[in-house]
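The primary structure of each chain is shown beneath.
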Amino acid sequence: MITVFMLGGLGNQLFQYAAAKTLSELRSGDGIVIDTDWYNSVMGRKYGLNKFAFSDIHIATEKEKRSLRNRMVKRILFLYDLFFEKRKRGFELFHTCVKSILNKIGIYISAVNVYSEQNVPITKNMLKRKNIYLYGYFQSGQYAYNLRSIFLKFPSRGYDLWKQNNAEGAHICVHIRLGDYVDNNYYGICTKSYYEKALEYLMNKVQNPVFHIFSDDIEMVKKDFTFAYPVIYEEEKNANECLMKMSLCKFFIISNSTFSWWAQYLSKIKDKMVIAPASWYGDRNIKFELYDKAWKLIEP
């Protein structure tokens, strides 16, 4: 059994599920259990994979959560976070050693913050264990490929109407991530200059573009951003439906957010075009491994 201690927004959830799906395939279709307790204590985040057509997901029952093994693993992860959250630099070797030891007992930790990028490989012995526990963000293309062909089903009259009304034309998804990125030194918000350059670039490449503005705080966008071209403000607040609508576009101006990364990735249009920020993190020395060579990169 593969247990995922889910955390983060919908974009992160998709990466975590993709990682579990990858291990499940390596273990001949092993079951996937999702522990959603993280969302009980965090404001502004909801578990959203239950809205999609993932038939192989089982949400952990209260009995399963109370099992001795599950409580012990959670305790280990709590202590891990407690120690490394305040020691992001200078402990890289010790960090790797701890993760290697946990790997041996079936606990696999991916990067939990941008300063703990170094991941230890999943060993063959770990794959043979009866139970595997996953924790972290798993922001890697080696996992994401599993979801490219999966149909994300989110039945909604609003979504169907949006799809029908935007069936033709050069529709451009512009994603502006605000929310918890405001005053966040890890990531930082893509600047107005970034979006101005990106819109201008597409104006010279696309005939009759239709710019759709998506954001986790659309009112702040209306207040603080000024666009030189006509735009449509998308008021959709449901993360699942918003992601589905974004993925219907042919052109993308994404932010440094896994949410908009998934939107362009799930687009089934072969000749799509993606514009992305040239640096993903506040610290430009940290590499983001999910860039595509075909993307147009603009300084954020």
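Everything below is about the structure shown above.
Residues numbered from 1 in each chain as written. Predicted model: local features only at pLDDT ≥ 70, side-chain atom pairs only at ≥ 80, totals over all residues. Heavy atoms only, no water.

Student: So what exactly am I meant to see when it comes to the overall build of the chain here?
Tutor: Helix and strand counts for the chain come out as 11 helices and 11 strands. Expressed as a percentage of the 300 residues in the chain, the buried residues total 49%. Within the chain, residue pairs in contact and separated by at least 24 positions form 67% of the contacts whose partners lie at least 6 positions apart. (Helix = DSSP H or I, 4+ residues; strand = E, 2+ residues; numbered from the N terminus. Buried < 20%, exposed > 50% of the residue type's maximum accessible area, 1.4 Å probe, protein only. Contact = heavy atoms within 4.5 Å.)

Student: Sorry if this is basic, but what is going on with the side chain of Glu 234 here?
Tutor: Structurally, Glu 234 is set in the loop between β8 (231-233) and α10 (239-247). Buried charge Glu 234 goes without a salt bridge, the closest partner of opposite sign being Lys 245 at 5.1 Å. Leaving out residues up to four positions away in the same chain, Glu 234 has contacts with Trp 162, His 212, Ile 213, Phe 214 and Ile 218. (Lys, Arg positive; Asp, Glu negative; His and termini not counted. Salt bridge = Lys/Arg side-chain N within 4 Å of Asp/Glu carboxyl O.)

Student: What am I meant to see in the packing of α10 against helix α11 (residues 258-266) here?
Tutor: Any two packed helices are characterised by the angle at which their axes cross and by the distance between the axes. At a minimum axis distance of 8 Å, the contact between α10 and α11 shows a crossing angle of 45 degrees. Our classification of the angle between α10 and α11 gives oblique. With respect to the hand of their crossing, α10 and α11 are arranged in right-handed fashion. Contacts between α10 and α11 involve Ala 239, Cys 242, Leu 243, Met 246 and Ser 247 from the first element and Phe 259, Ser 260, Trp 262, Ala 263 and Leu 266 from the second. A breakdown of the residues in the contact of α10 with α11 according to their chemical character gives 8 nonpolar, 2 polar and no charged. (Axes fitted to C-alpha atoms, helices over the stretch in contact; angles between N-to-C directions. Parallel < 35°, antiparallel > 145°, perpendicular 65-115°, else oblique. Left-handed = near helix turned anticlockwise from the far one by under 90°. Nonpolar A, V, L, I, M, F, W, Y, C, P; charged D, E, K, R; others polar.)

Student: Hey, could you run me through the sheet that holds strand β11 (residues 296-298) in this one?
Tutor: The strands making up a sheet associate through backbone hydrogen bonding, with each pair oriented either parallel or antiparallel. Across the sheet, which stays open at both edges, the 6 strands sit in the order β8-β7-β6-β9-β10-β11 with parallel pairing between neighbours. In this open sheet, the two strands that pair with only one neighbour each are β8 and β11. Across the sheet, the mean angle from the axis of one strand to that of its neighbour is 20 degrees, orientation sign disregarded. Pairing geometry for strand β9 (residues 251-253) and strand β10 (residues 273-277), over 3 bridges, is parallel. Across the sheet, the residue bridging to Phe 252 is Val 274, located in β10. (Pairing = 2+ DSSP bridges.)

Student: Whenever I open this one, helix α8 (residues 192-203) confuses me. Can you help?
Tutor: Because an α-helix packs 3.6 residues into every turn, residues spaced three or four apart end up facing the same way. Along its 12 residues, α8 runs 16 Å from first to last C-alpha, staying within 8% of the 16 Å computed at 1.5 Å per residue. Those residues of α8 that fall on the buried side of the exposure criterion are Tyr 194, Tyr 195, Ala 198, Leu 199 and Leu 202. All buried residues of α8 project into a common sector of 125 degrees when viewed along the axis, lining one side. Of the surrounding secondary structure, the elements contacted by the buried residues of α8 are β6 (170-176), β7 (209-215), β9, β10 and β11. (Expected span 1.5 Å × (residues − 1). Arc of directions from axis to C-beta.)

Student: Could you clarify how one ought to interpret the environment of Gly 136 in this entry?
Tutor: By secondary structure assignment, the location of Gly 136 is in the loop between β5 (132-135) and α6 (141-144). As for Gly 136 and Ser 110, which are separated by 26 residues in sequence, their C-alpha atoms are 4.6 Å apart.

Student: What should I look at first to understand unusual backbone geometry in this one?
Tutor: The phi angle at Phe 138 is positive, at roughly 50 degrees, despite the residue not being glycine. When you line up the elements, Phe 138 lands in the loop between β5 and α6. The backbone phi angle of Asn 208 is positive, close to 50 degrees, even though this residue is not glycine.

Student: Just checking my understanding: could you explain a nonpolar patch on the surface for this structure?
Tutor: The grouping of Phe 78, Leu 79 and Leu 82 at the surface amounts to a nonpolar patch, some 280 Å² of accessible area in total. Within the fold, Phe 78 resides in helix α3 (residues 68-84). (Patch = residues over 30% accessible without salt bridge, like charges linked within 9 Å, V, L, I, M, F, W, Y side chains within 5 Å. Areas by Shrake-Rupley, 256 points an atom, 1.4 Å probe, with all protein chains shown as cover.)

Student: Any chance you could explain the pattern of salt bridges here in plain terms?
Tutor: In a structure, side chains of opposite charge can pair up when their charged atoms sit close to one another. Across all of its chains, the model carries 11 salt bridges by this definition. Its salt-bridge partner being Arg 27, residue Asp 30 comes within 2.7 Å of it at the nearest N-O pair. Per residue, the accessibility class of Asp 30 equals that of Arg 27, and both read buried. Among the ionic pairs, Glu 62 bridges to Lys 65, the shortest N-O distance being 3.5 Å. Taken together, the positions of Glu 62 and Lys 65, both in helix α2 (residues 62-65) and 3 residues apart, correspond to about one turn of that helix. Given a relative accessible area of 49%, Glu 62 falls into the partly exposed group.

Student: When you look at the pairing of β6 in this model, what are you seeing that I'm missing?
Tutor: Each regular strand carries side chains that alternate between the two faces of the sheet. Among the 7 residues of β6, 7 are classified as buried, and the element is accordingly described as predominantly covered. Going residue by residue along β6, you find Ala 170, Ile 172, Val 174 and Ile 176 tucked away on one face and His 171, Cys 173 and His 175 tucked away on the opposite face as well. The pairing of β6 with β7 spans 7 bridges and is parallel. Bridge pairing links Val 174 to Ile 213 in β7. Across 3 bridges, the pairing between β6 and β9 is parallel. When the sheet's bridge partners are listed, Val 174 is paired in β9 with Ile 253.

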